[in-house]
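# Notes for the structure review
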Amino acid sequence: MAIFNRYFTVLFRLKTKWISLLLIIQTVATFAITFFNYHNGHLYLNRSIFSNFLTLWLAIFIVFAWLFTGIFYLSTCYQNEHVSGNQTWRLVPIDDKKLYFDNILSSFGALLFFVLLEIICTLVLGIVTFTFDSQFHTTIIEMFADIGRHLQQVDLEIMFNFFGAIMMTILCAFFGYFIISFLNYSSRALLDFLPEALSKAYFRVIAVFVIILVAWLAIKASDIGLQIISFPFRFMIGETTGTNDDLALALVLMLAINLLFWFLDTILFSKFFEAREGK
């Protein structure tokens, strides 16, 4: 367990080392967008924003927070695969299955840390705006008063929907990590079984073709199974009734899908996926 925690810490630091740079870019970019206009190749001072500059900056910052969170998530996906394919990491004194789980878990921890920093930055900017913008101050007070009235009507169903949505978001984040690793490991495993005389480009074409073929055969072979597995995704895009029972079923199925891909990934990673020097 001590080794697991040690490498979790190392991987966590590796994946969070550029968070400060990302937040600085976000802050400067949102400030510039708020303060300036760009039109016909020229940069103009946005004179109409001085009355509500902080409010507009806060709104743009919140929108960009979603964008930069997505960027950071994709960066952790890339780092997952980089660590998996790095020969040095595969030589560390830890079981491959534990290394894989350490890798995924550290990415999710880094993502949570980034989201927490985004929330803190948003709150700080919100407090500054609340202090210096009288209109925003009044709007926020009225909004919290309205929220306070609605909190009296909160029941177990609403709480279940709230925490269920959070759990679905977490499971979707893990699903992204698992499915990207699965595609990477399975395609590399297929490539390793092909004759080495073929070019790398030909390798990739055949690998993609085989993966698509296997997926198509799986869909055709088990339409009922596909309906069950696709349920949480259909729930998220609103193709189901959206009841509490649907949410509970979607959570259970998404958890089962994650466990399935986690199982497949650990097998592929430890048995068939070979790290390569210089990756």
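We now turn to the structure provided with this report. On a predicted model such as this, the values are computed, not experimentally measured, just so you know.

Moving on to the overall build of the chain. Each helix and strand in the chain was counted, giving 10 helices and 2 strands. For the chain, the succession of helices and strands along the chain, N to C, is α-α-β-β-α-α-α-α-α-α-α-α. When the 279 residues of the chain are sorted by exposure, 36% land in the buried category. Accessible area of the chain: about 17300 Å², with a carbon and sulfur share of 72%.

The subject of this paragraph is the packing of aromatic side chains. As enumerated under the stated definition, the model contains 16 aromatic pairs in all. On the numbers, 5.9 Å between centres and 40 degrees between planes, the contact of Tyr100 with Phe269 is tilted. Here Tyr100, found in helix H5 (residues 96–132), pairs with Phe269, found in helix H10 (residues 244–272); they are 169 residues apart in sequence, far enough to count as distant. A residue is classified by how much of its surface remains accessible, and Tyr100, at 1% relative accessible area, is buried. Exposure remark for Phe269: the relative accessible area of 1% places this residue in the buried category.

Let us look at a nonpolar patch on the surface. Together, Phe113, Leu116, Ile120, Val124, Val128 and Phe132 make up a nonpolar patch on the protein surface, roughly 550 Å² of accessible area in all. Note that Leu116 resides in helix H5. We classify Leu116 as partly exposed; its relative accessible area is 46%.

Let us look at the packing of helix H2 (residues 19–35) against helix H3 (residues 53–84). Orientation of H2 relative to H3, taken along the N-to-C sense of each, is 140 degrees, at an axis distance of 9 Å. Taken together, the axes of H2 and H3 lie oblique to each other. Relative to H3, H2 is oriented so that their crossing is right-handed. Every residue of H3 that contacts H2 at Ile19, Leu22, Ile25, Gln26, Thr27, Ala29, Thr30, Phe31, Ile33, Thr34 and Phe35 is listed here: Phe53, Leu56, Trp57, Ile60, Phe61, Phe64, Ala65, Phe68 and Phe72. Of the residues belonging to the contact of H2 with H3, the class tally is 16 nonpolar, 4 polar and no charged.

Now for the environment of Lys98. Its location among the elements puts Lys98 in helix H5. Linking Lys98 and Ile3, residues 95 residues apart in sequence, is a C-alpha distance of 9.7 Å.

The next thing to look at is the packing of helix H1 (residues 2–16) against H5. Packed helix pairs are specified by the crossing angle of their axes together with the interaxial distance, meaning the distance between the axes. In the contact formed by H1 and H5, the axes pass within 8 Å of each other and the chain directions differ by 45 degrees. In terms of axis orientation, H1 runs oblique to H5. The element H1 and its partner H5 pack so that their crossing is right-handed. Here Phe4, Tyr7, Phe8, Leu11, Phe12, Lys15 and Thr16 of H1 lie close against H5, whose contacting residues are Lys98, Phe101, Asp102, Asn103, Leu105, Ser106, Ser107, Gly109, Ala110 and Phe113. Its residues placed into classes, the contact of H1 with H5 shows 9 nonpolar, 5 polar and 3 charged.

Attention now goes to H1. Helix length check: H1 (15 residues) gives 21 Å between terminal C-alpha atoms against 21 Å at 1.5 Å per residue, within 8%. The inward-facing, buried residues of H1 abut H2, H3, helix H4 (87–90) and H5.

Let us now look at H5. Taking 1.5 Å of rise per residue, 37 residues should cover 54 Å, and H5 covers 54 Å from first to last C-alpha, within 8% of that figure. Sitting at the head of H5, Asp95 places a side-chain oxygen 3.0 Å from the backbone nitrogen of Lys97.

This part takes up the side chain of Glu81. Mapped onto the elements, Glu81 comes out in helix H3. Within the local environment of Glu81, its side chain forms a polar contact with the side chain of Asn184, the two groups lying 2.8 Å apart.

Rules used in this analysis
Residues numbered from 1 in each chain as written. Predicted model: local features only at pLDDT ≥ 70, side-chain atom pairs only at ≥ 80, totals over all residues. Heavy atoms only, no water. Helix = DSSP H or I, 4+ residues; strand = E, 2+ residues; numbered from the N terminus. Buried < 20%, exposed > 50% of the residue type's maximum accessible area, 1.4 Å probe, protein only. Areas by Shrake-Rupley, 256 points an atom, 1.4 Å probe, with all protein chains shown as cover. Phe/Tyr/Trp six-rings, centres within 6.5 Å; stacked < 30°, edge-to-face > 60°. Patch = residues over 30% accessible without salt bridge, like charges linked within 9 Å, V, L, I, M, F, W, Y side chains within 5 Å. Salt bridge = Lys/Arg side-chain N within 4 Å of Asp/Glu carboxyl O. Axes fitted to C-alpha atoms, helices over the stretch in contact; angles between N-to-C directions. Parallel < 35°, antiparallel > 145°, perpendicular 65-115°, else oblique. Left-handed = near helix turned anticlockwise from the far one by under 90°. Contact = heavy atoms within 4.5 Å. Nonpolar A, V, L, I, M, F, W, Y, C, P; charged D, E, K, R; others polar. Expected span 1.5 Å × (residues − 1). Polar contact = N/O pair within 3.5 Å; in protein donor to acceptor, adjacent residues only side chain to side chain.

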